[in-house]
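# Coordinate analysis (summary)
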Amino acid sequence: MNPPDQRDRLRLALDGLRQDLLAIEVELVATRAVRANGGDDDEHDPDGIPLSSVLQLLEGQKMRAVNDIREAQASLVDLAHGTYGICRICSQPIPPGRLEIRPTTSTCVNCAG
Ligand SMILES: [Zn+2]
């Protein structure tokens, strides 16, 4: 595996994460709009998930997406500096198998926990 492949994979991962974030933000705006219009169905729809819970869920997803994007960006910087694939905590190389599953990771399995 050569560096251009790693860069392509990271860029691809970053693109996907940005699209995820966009989708979450669109949903957040839409849900907030429903709520602002007095459409909170907490009482009217006992079977549905309350809007407040939906918002909470979306906020959590957004935070994770933002975090993942930061990780991906940091990985691209690491790649440019030649330190990509090195665990940030113990400075040991991260196994290629782990990088394949999680290209944006900056820690080895041992340090991830
Ligand atoms: Zn480590």
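Scroll up to find the structure.
Before going into details, it helps to say that this report is about the structure given with it. (Residues numbered from 1 in each chain as written. Predicted model: local features only at pLDDT ≥ 70, side-chain atom pairs only at ≥ 80, totals over all residues. Heavy atoms only, no water.)

### Describing the coordination of the zinc ion
Taken together, Cys87 (SG), Cys90 (SG), Cys108 (SG) and Cys111 (SG) make up the protein donors of the zinc ion, found 2.3 Å from the metal. Every donor counted, the four donor atoms about the zinc ion form angles of 104 to 118° at the centre, which fits tetrahedral coordination. If you list the donors of the zinc ion from N- to C-terminus, the spacing comes out as C-x2-C-x17-C-x2-C. Taken together, the residues span a long stretch of sequence, with Cys90 in the loop between α2 (51–81) and α3 (96–101) and Cys108 in the loop between α3 and α4 (109–112) at a distance of 18 residues. (Donors = N, O, S within 2.8 Å, 3.2 Å for Na, K, Ca; no water. Tetrahedral: all angles 85-135°; square planar, octahedral: opposite > 155°, others 65-115°. Helix = DSSP H or I, 4+ residues; strand = E, 2+ residues; numbered from the N terminus.)

### Details of the pattern of salt bridges
Applying the stated criterion across every chain yields a total of four salt bridges. With a closest N to O distance of 2.5 Å, Glu59 and Arg32 form a salt bridge. Remark: Arg32 occurs in helix α1 (residues 3–36) and Glu59 occurs in helix α2; sequence separation between them is 27 residues. The residue Arg88 makes a salt bridge to Asp78 at a minimum N-O spacing of 2.8 Å. Taken together, the positions of Arg88 in the loop between α2 and α3 and Asp78 in helix α2 put the pair ten residues apart, joining distant regions of the chain. (Salt bridge = Lys/Arg side-chain N within 4 Å of Asp/Glu carboxyl O.)

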